[in-house]
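Structural overview
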Amino acid sequence: MQFHWYPGHMTKAKRQMQEDIKLIDLIIELVDARIPVSSRNPDIDELGKHKARLILMNKADLADAKKTEAWSRYFKEKGYFVVCIDARSKKGMKAIQNEIMEACKEKIERDLRRGIKNRPVRAMVVGIPNVGKSTFINTYAGKACAKTGNKPGVTKGKQWIRLNKNVELLDTPGILWPKFEDQKVGLFLALIGSIKDEILNTDELCVALLELLMRDYPGAVARRFEVEETKEPAALLGQIAQKRGCRKKGDEPDYSKAAALVIDEFRSGKIGRFTIELPEE
Ligand code: G4P
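Cut-offs applied
- Residues numbered from 1 in each chain as written.
- Predicted model: local features only at pLDDT ≥ 70, side-chain atom pairs only at ≥ 80, totals over all residues.
- Heavy atoms only, no water.
- Helix = DSSP H or I, 4+ residues; strand = E, 2+ residues; numbered from the N terminus.
- Contact = heavy atoms within 4.5 Å.
- Phe/Tyr/Trp six-rings, centres within 6.5 Å; stacked < 30°, edge-to-face > 60°.
- Buried < 20%, exposed > 50% of the residue type's maximum accessible area, 1.4 Å probe, protein only.
- Lys NZ or Arg CZ within 6 Å of the ring centre and 35° of its normal.
- Arc of directions from axis to C-beta.
- Near = heavy atom within 4 Å.
- Polar contact = N/O pair within 3.5 Å; in protein donor to acceptor, adjacent residues only side chain to side chain.
- Areas by Shrake-Rupley, 256 points an atom, 1.4 Å probe, with all protein chains shown as cover.
- Nonpolar A, V, L, I, M, F, W, Y, C, P; charged D, E, K, R; others polar.
- Core = buried A, V, L, I, M, F, W, Y, C linked by side-chain atoms within 4.5 Å.
- Pairing = 2+ DSSP bridges.
- Salt bridge = Lys/Arg side-chain N within 4 Å of Asp/Glu carboxyl O.

Notes on the environment of Met101
Turning to its location among the elements, Met101 is positioned in helix H4 (residues 94–103). It is 10.0 Å that separates the C-alpha atoms of Met101 and Leu26, two residues lying 75 residues apart in sequence. Setting aside residues up to four positions removed in sequence, Met101 forms contacts with Ile108, Asn166 and Val167.

Quick notes on the packing of aromatic side chains
Evaluated as defined, the whole model comprises 7 aromatic pairs. With a centroid separation of 5.3 Å and an interplanar angle of 75 degrees, the aromatic rings of Tyr74 and Phe75 are classed as edge-to-face. Judged by relative accessible area, which is 1%, Phe75 ranks as buried. By way of ring pairs, the aromatic residues Trp71, Tyr74, Phe75 and Tyr80 are connected into one cluster. The residue whose ring lies beneath Arg122 is Trp160, and the NZ or CZ to ring-centre distance is 3.9 Å.

Topic: H4
Turning to H4, its buried residues are Ile96, Glu99, Ile100 and Ala103. Buried positions in H4, seen along its axis, are confined to an arc of 105 degrees and lie on one side of it.

Focus on the site of the ligand
Around the ligand sit 15 residues, and of these Asp61, Asn130, Lys133, Ser134 and Thr135 come closest. A distance of 2.7 Å is found between an oxygen atom of the ligand and a side-chain nitrogen or oxygen belonging to Ser134. For the ligand, whose unbound accessible area comes to 710 Å², protein coverage reaches 64%. Looking at the shell around the ligand element by element, the count peaks at 3 residues for helix H6 (residues 133–141). Residues of the shell around the ligand, tallied by class, amount to 5 nonpolar, 5 polar and 5 charged.

Regarding the nonpolar core
Core analysis: the biggest nonpolar cluster contains 75 residues, and Leu26, Ile28, Leu56, Ile96, Ile100, Phe136 and Val262 have the highest contact counts within it. Take this core: its biggest share by element is 7 residues, from helix H8 (residues 202–216). Core analysis: the second largest hydrophobic core is formed by 9 residues, Met57, Ala63, Tyr80 and Val82 among them.

A short note on the pairing of strand E2 (residues 52–58)
Both faces of the sheet carry side chains from a regular strand, because those side chains alternate between them. In terms of burial, E2 is largely enclosed, as 7 of its 7 residues are buried. Residues Ala52, Leu54, Leu56 and Asn58 point to one face of E2 and Arg53, Ile55 and Met57 to the other, with burial holding for every one of them. Pairing geometry for strand E1 (residues 26–32) and E2, over 7 bridges, is parallel. Bridge pairing in E2 places Ile27 opposite Arg53.

A few points about the pairing of E1
Most of E1 sits out of view: 7 of its 7 residues are buried. Residues Leu26, Ile28, Leu30 and Asp32 line one face of E1 and the alternating positions Ile27, Glu29 and Val31 line the opposite face, and both faces are buried.

Re the pattern of salt bridges
Scanning all chains against the criterion turns up 18 salt bridges. One salt bridge in this structure joins Asp45 and Arg53, with 3.0 Å as the shortest N-O distance. Residue Arg53 is classed as buried on the basis of its relative accessible area, which comes to 10%. Residues participating in the shared-partner salt-bridge network are Glu29, Arg40, Asp45 and Arg53.

Laid out in structure tokens, this is it:
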């Protein structure tokens, strides 16, 4: 499996992140609630080891609510502050402010001891591509928020978005590189659409998805496509092709078209809400 992140990009992204992290108190890390660990880059723990940490489990609208709860407990036990959100519809966003203040409690108290009052918490958003960083910043900051430069009239340098009197956000998110050397991680990232489809075999991806869904969510595929779930993935895909009228010339089933359709409906949540990675894995 190949991907667009080459060492040059990674080195540059990492260096940039190291610089930006020096400026902030809190790292707001977005993960995809359907694959909360595979959609992280664990290097962020080293890069941000002295910073307050908040994990936002985004796209919770597409994930299995019970498993989202379990993941939330998992991260909290590891010492992160956690909020589950759907950045697109703004669900869960209200809880964020409170968690930011909790996560930065020590820093705020330290400031107070030093006589510093009302200095806003500075935060930055990080995450691998496609987890919803831009959507989150737009939703959270909104259009009404003023951008604040360090000095008036200076456009160079960092831009901060003042969210309210307590929080400022760096306007550009930090892009982490996905870690997909592990085959399973690669598969999960491909399933949620984080790795470009052109470089993947859609048929194989679909078969892996069907197997996974039949194992963890028996009945979901049968309900959506009105087919009989069978252990033979090609036969199952054949049934789906037939139901959805995916045919080639000569009336052959068009497996690739059916595969693309299944993956598309999975990604958009039409088959159901699924979490395909479990905390114990
Ligand atoms: P990034 O900056 O981290 O790379 O991600 P970005 O915000 O561009 O979001 C990637 C895709 O994920 C977008 O879809 C966005 O709408 C979608 N998205 C973000 N947050 C959520 C969420 O909480 N739930 C759901 N279901 N989707 C979310 P897209 O297909 O690239 O664009 P569009 O369909 O919105 O036009």
